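Coordinate analysis (summary)
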Amino acid sequence: MIGSVEASQRDFAVSLIERHGTMRLSDLKRRGINPATLARLVDEGILQRLLRGLYERADAVVDIAHSMAEVATRVSKGVICLVSALQFHEITLQLPRSVWIAIGSKDRKPAIDYPPIRVARFGE
């Protein structure tokens, strides 16, 4: 019985991450995924731990949209903006060197090393 629960939890975790691309540990736990299951999936090479509490498929294709999704996942109150948003919606041909993200005027600037980000502050 325990083996079947573990297998279904593994399958559910993999399907969630395939559907969403990148997911936070807190979101996975809220859906009933045990952190030990994630650790096993990382050890087996099925998932990749990007940062503390952030997971994706090990074979995920990395492109500019993936970088934007990663930043959006890591900065929950942030919004992709300016050139990054234009590029995502294919309104411009310009490829930004950084992911532009908008945060509130009093919000703390995210400490993200990679992908590189640029922060724009907007009022509420």
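For clarity, every value in this text was computed on a predicted model and none was experimentally measured.

In this structure the tally under the stated criterion is six salt bridges. The partner of R10 in a salt bridge is E44, and the shortest N-O contact between them spans 2.9 Å. Remark: E44 occurs in the loop between helix 3 (35–43) and strand 2 (47–51) and R10 occurs in helix 1 (residues 2–20); sequence separation between them is 34 residues. Of the charged contacts, one joins E70 and R74 as a salt bridge, the two residues approaching to 3.6 Å between their closest N and O atoms. With a gap of four residues between them, E70 and R74 both fall in helix 4 (residues 64–74), about one helical turn apart. Note on E70: relative accessible area 8%, which makes it buried. Counted as one network, the salt bridges with shared partners bring together E18, R57 and D59.

Cut-off values and rules
Residues numbered from 1 in each chain as written. Predicted model: local features only at pLDDT ≥ 70, side-chain atom pairs only at ≥ 80, totals over all residues. Heavy atoms only, no water. Salt bridge = Lys/Arg side-chain N within 4 Å of Asp/Glu carboxyl O. Helix = DSSP H or I, 4+ residues; strand = E, 2+ residues; numbered from the N terminus. Buried < 20%, exposed > 50% of the residue type's maximum accessible area, 1.4 Å probe, protein only.

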